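Coordinates in review
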Amino acid sequence: MATIALKNLSYTYPEAQAPTLNHVQLTFNPQQFTLLTGPSGTGKSTLLKLMTGLLSLPRTQGSISYDGQDLAEMALTDRAGQVALMFQNPNQQFAMDSVENELIFALENRLVQPDQIDAKITAALSFVGISELRKRELNHLSGGEKQKVALAVIVAMDSDVILLDEPFASVDPAARASLLKRLVQLRDEAGKTIILADHDLTDYATIVDQVVRITPARQLATVPTSDWSALFSAFAKTNQSDQRWPLPDETATPLFQLQQVALKQGSHQLLQPTNLTLLKQHNTLITGPNGSGKSTLFESLVRLISYTGKITYLTDDIQTLRRKRYARQVALLFQDAETQFLNITVAEELAQSQKYVYGDYFTQARIDAAMAQLNLTGHEDQVIYTLSEGQKKKLQILIMLIMQSPVLLMDEPLKGLDLSSVHALVALLQTTLASTKQSLIIISHQLTGLTPLIDYHLLFDQHQLQYREATT
Amino acid sequence: MNPSIKLLLLFIIALEISFTMIISLNITLVILAMIYLLAHRTKLRTIGWLLIVPLLPAIGLWSTQYINGSGNKTLMAWVLFTRIYAFVFTGATFTLTTNILQLADALEQNWHLPSKFAYGVLAAYNLVPKIQHEVQIIRTAGLMRGQQLSFWSPKLYFKAILVSINWSQNLAQAMTSHGFVEDAPRTHYRHSVLCWQDWAILIIGVGLLQVGIFLVPWV
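Here we summarise the structure given alongside this text. (Residues numbered from 1 in each chain as written. Chains lettered and ligands numbered in written order. Predicted model: local features only at pLDDT ≥ 70, side-chain atom pairs only at ≥ 80, totals over all residues. Heavy atoms only, no water.)

A word on the packing of aromatic side chains
Counted according to the given criterion, the structure contains 14 aromatic pairs over all chains. Residues A:F105 and B:Y119 carry aromatic rings whose centres are separated by 5.0 Å and whose planes lie at 55 degrees to one another, so their mutual orientation is tilted. Of this pair, A:F105 sits in helix α3 (residues 99-109) while B:Y119 sits in helix α7 (residues 115-144), which puts the two residues in different chains. We note that A:F105, like B:Y119, is buried. Between A:F256 and A:Y313, the aromatic rings sit 5.5 Å apart at their centres with planes inclined by 50 degrees, giving tilted as the arrangement. (Phe/Tyr/Trp six-rings, centres within 6.5 Å; stacked < 30°, edge-to-face > 60°. Helix = DSSP H or I, 4+ residues; strand = E, 2+ residues; numbered from the N terminus. Buried < 20%, exposed > 50% of the residue type's maximum accessible area, 1.4 Å probe, protein only.)

Structure representation (structure tokens):
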């Protein structure tokens, strides 16, 4: 049980001009569940990394203390017992190959006696409800499963304070609800202090004790309980969607035709042999629980992984097309924005897209306007890898849009974006598509703000991929 | 058998057969390695592949030596041919029967190498398949932006190195957040044993090798 005090805390990244956090003052009480919210790119990750000691705070820039003990003076070996962090990216939290070995590694580090390790692993896995994943390889797990494993490691290490940095960014509603339930249980039964950063406010209203917002002045402000209902209901309303989309018109021009296509991940069947047609110049939304195989479907559409059956693009089997030509027709917006980048600075990325562009829609003026619309103006000379996750995502979408490939597959394009960025982005997509007539296929868990773009809806669930008339 | 001692023995064997020209010794090593593999229930198909895959480089070496070599061309050609197989089969006795995790455990616990090194080796090994897939992804990402990244393209390597640096930083953070502290004491769930039998196998193995090289009158 720990009271966490942030005193006069400021942090400026070496290469940045403005401080990311500016004289932050706040106390977190023990055994409380705090929701930390604020637009993407405003320093939530930075704050959490400082609080774990992964980023070190210069001595003159304030202090972070746990029960009066300064984090900077705490022995490194004691830190993990005090505070643990769950990362946003599920692929970047593990050092070992399998679930069991990762847990063993963490417990060995915590100096747990070898004869107690087995019992602790069993307990942690069954607490999170993933006992069956024990022997599995981490590489073969879905994002949601990985986050559950990450929580199991934290449970096993028994840290007092649990920090979570947008942990549900690529996790489906079912896995998210299950993880949230465990966190509440950890607070109520084990007395853990929990601080969770998220910009999606769904489901938090009834479970959190405190809501803290990052202000435009880069300070922390506690949101008074009286304002909660307004805050949560505003978000809930935008997230409610009883939108119904029609079934596709059988006579329209097909874009992709799947004939008996089946997908596998390791030995695990993702998609049973399926026949399906996706339509040209329409935007199709694909939803479904994580781990169902949506991203794998995209990877097979761009020939990054193998599949069985036949996929036809317009008139040709995609395996018979030359890679170079096909890549100019069908482009993939990767879920992880960094994967898309080939250069160093923002300006270089924009220049590369302009150089190899396919159509003439994106003039310099239109690019400048889009940069402003996405709130990226002024970042031209910045190194891409120092942008925030939200800024990276917006830049990634812009550079792929500039290319004007006839087909753009978008894997979680709203991931890590706050509501105002989502609206700006969807507006940009709408105006662009009206002129360029591209076809979009979009995988998204988050529907807020996205619905005006969508023509048809596919549901990928339980090894099936089918058109749906309504979102559920 | 302790994996670190096994590795050491194989290194010594590889080093010595690199400097000897005894065909029968090479063949003996191949046979012994094959018996060891069979005793460890290696599939016959795997052994079949071990025989087929090195055939091309072995024939290449043999013919180069036979056509262009000097001195006793026939002898040298067959020495090189059998040596390739000796390398492949003795190497396979390690790679096919030893888990990299056991090697890391042995390096950390028996040889007291810094745990950072042992786990670094392990993490790098676990990354290999990811790196292969990543290179494919980078090339596809390039094509989608109109640029062909060939295998000698600096951009491909720049990007791959960038990804690796990024991964290594993330890996370091992941290890730290899971309680790993450099040079701090840790407990060990898997106990790596280094007993007198391991040393005996090493000494007897190296001894027999010397007998094979210097004393046995091979024909």
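There is more to say, and it comes next.
Quick notes on the packing of helix α2 (residues 23-39) of chain B against helix α5 (residues 73-95) of chain B
Residue and element names in this part refer to chain B. Interaxial distance between α2 and α5 falls to 8 Å at its minimum, and their mutual angle equals 20 degrees. The orientation of α2 with respect to α5, classified from their angle, is roughly parallel. As α2 runs across α5, the sense of the crossing is left-handed. Counted together, I23, N26, I27, V30, A33, M34, Y36 and L37 of α2 and L75, W78, V79, T82, R83, Y85, A86, F89, T90, A92 and T93 of α5 form the full contact between these two elements. Residues belonging to the contact of α2 with α5 are distributed by class as follows: 14 nonpolar, four polar and one charged. (Axes fitted to C-alpha atoms, helices over the stretch in contact; angles between N-to-C directions. Parallel < 35°, antiparallel > 145°, perpendicular 65-115°, else oblique. Left-handed = near helix turned anticlockwise from the far one by under 90°. Contact = heavy atoms within 4.5 Å. Nonpolar A, V, L, I, M, F, W, Y, C, P; charged D, E, K, R; others polar.)

Brief notes about the environment of B:F180
As for its position among the elements, B:F180 is in the loop between α8 (154-177) and α9 (196-215). Overall, the relative accessible area of 8% leaves B:F180 in the buried class. Spatially, the C-alpha atom of B:F180 lies 12 Å from that of B:G120, the residues being 60 residues apart in sequence. Look past the residues within four positions of B:F180 in its chain and what remains in contact with it is A:F105, A:N109, B:S115, B:K116, B:Y119, B:M175 and B:R186.

Some thoughts on the sheet that holds strand β9 (residues 210-214) of chain A
Residues and elements named next belong to chain A. Read from one edge of the open sheet, six strands run β6-β7-β8-β3-β9-β10, paired in mixed fashion. Looking at the sheet topology across the chains shown, the edges are occupied by β6 (83-86) and β10 (220-223). Across the sheet, the mean angle from the axis of one strand to that of its neighbour is 20 degrees, orientation sign disregarded. One ladder, built from four bridges, connects β9 with β10; its direction is antiparallel. Its bridge partner lying in β10, V211 is registered against V223. (Pairing = 2+ DSSP bridges.)

Any functional reading would require information that these geometric values do not contain.
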